[in-house]
Amino acid sequence: MSSETASEFHKMREPRVEKVVVHMGVGQGGRELADGEEILAEVAGQQPVRTQAQATVGEFEIREGDPIGAKVTLRDEDAETFLETAIELTDVSRSQFDDTGNFSFGVEEHTDFPSQEYDPTTGIYGLDVTVNLVRPGYRVSKRDKASRQIPSSHRLDVDDAVAFVEKRFDVEVNE
């Protein structure tokens, strides 16, 4: 772990959740995708956007441009609230974090969420959750005018991200 622990971050080094992307890949359009979008809207509390196939895959009978899934991007309090609920439903391990502190995990069944019940006509859908963590000042590298690189000492690393997640969401990140 770096020289700082999660409880003593300077306010400009304190990580925060930039966004949470909740994705549901159904694989085809039609009734299944409509059901998936409905579930995603209920679970995330926001209207989903359809995702389309980027390429044609003959083995799966998918053509480029076909609707195959749905996603929701949550920010600010919505992201934190959703993450508090979703992170409890799974075990997070250190291997799920990338070099810049972002992490992803899956929820196998939408019925695991407290607001959802099993409906035999709908079936069971899984969700992919991707969490983007940043430190204050990250926008300097993304803005159009006068963009600059973030110094390596200010970039979020795996150790700081794990410490933040364990402290903020009161979960244990497994090795």
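Residues numbered from 1 in each chain as written. Predicted model: local features only at pLDDT ≥ 70, side-chain atom pairs only at ≥ 80, totals over all residues. Heavy atoms only, no water.

What follows concerns unusual backbone geometry. Positive phi, normally seen in glycine, also occurs at Asp76, with a value near 55 degrees. Inspection of the secondary structure assignment puts Asp76 in helix H2 (residues 76-86). For Asp76, a relative accessible area of 52% puts it in the exposed group. A positive phi angle is found at Asp170, which is not glycine, with a value near 50 degrees. Overall, the relative accessible area of 68% leaves Asp170 in the exposed class. (Helix = DSSP H or I, 4+ residues; strand = E, 2+ residues; numbered from the N terminus. Buried < 20%, exposed > 50% of the residue type's maximum accessible area, 1.4 Å probe, protein only.)

With 37 residues, the main nonpolar core has Val20 and Val165 as its most contacted residues. Breaking this core down by element, the ones donating at least two residues are strand E1 (16-25), helix H1 (31-44), strand E3 (67-75), H2, strand E4 (103-107), strand E5 (127-134) and helix H3 (158-169). Contact partners of Val20, with chain neighbours within four places excluded, come to Val72, Thr73, Leu74, Ala79, Phe82, Leu83, Val129, Thr130 and Val131. (Core = buried A, V, L, I, M, F, W, Y, C linked by side-chain atoms within 4.5 Å. Contact = heavy atoms within 4.5 Å.)

This brings us to the confidence of the model for the chain. Should the pLDDT be low somewhere, the predicted coordinates at that spot are not to be read in detail. Considering every residue of the chain, the mean pLDDT works out to 82; 91% of them sit at 70 or more. Model confidence for the chain, summarised as mean pLDDT per element, is weakest for H1 at 86 and strongest for E5 at 91. Here residues 1-6 is modelled with pLDDT under 50, and outside its nearest four sequence neighbours on either side it reaches 14 contacts, counting other chains as well. (pLDDT = per-residue confidence, 0-100.)

A word on the environment of Thr56. Structurally, Thr56 is set in the loop between strand E2 (49-52) and E3. Judged by its relative accessible area of 55%, Thr56 falls in the exposed class. For Thr56, the residues in contact, after removing those within four places along its chain, are Ile62, Arg63 and Glu64. Engagement of the side chain of Thr56 in a polar contact is seen with the backbone nitrogen of Glu64, the distance being 3.2 Å. (Polar contact = N/O pair within 3.5 Å; in protein donor to acceptor, adjacent residues only side chain to side chain.)

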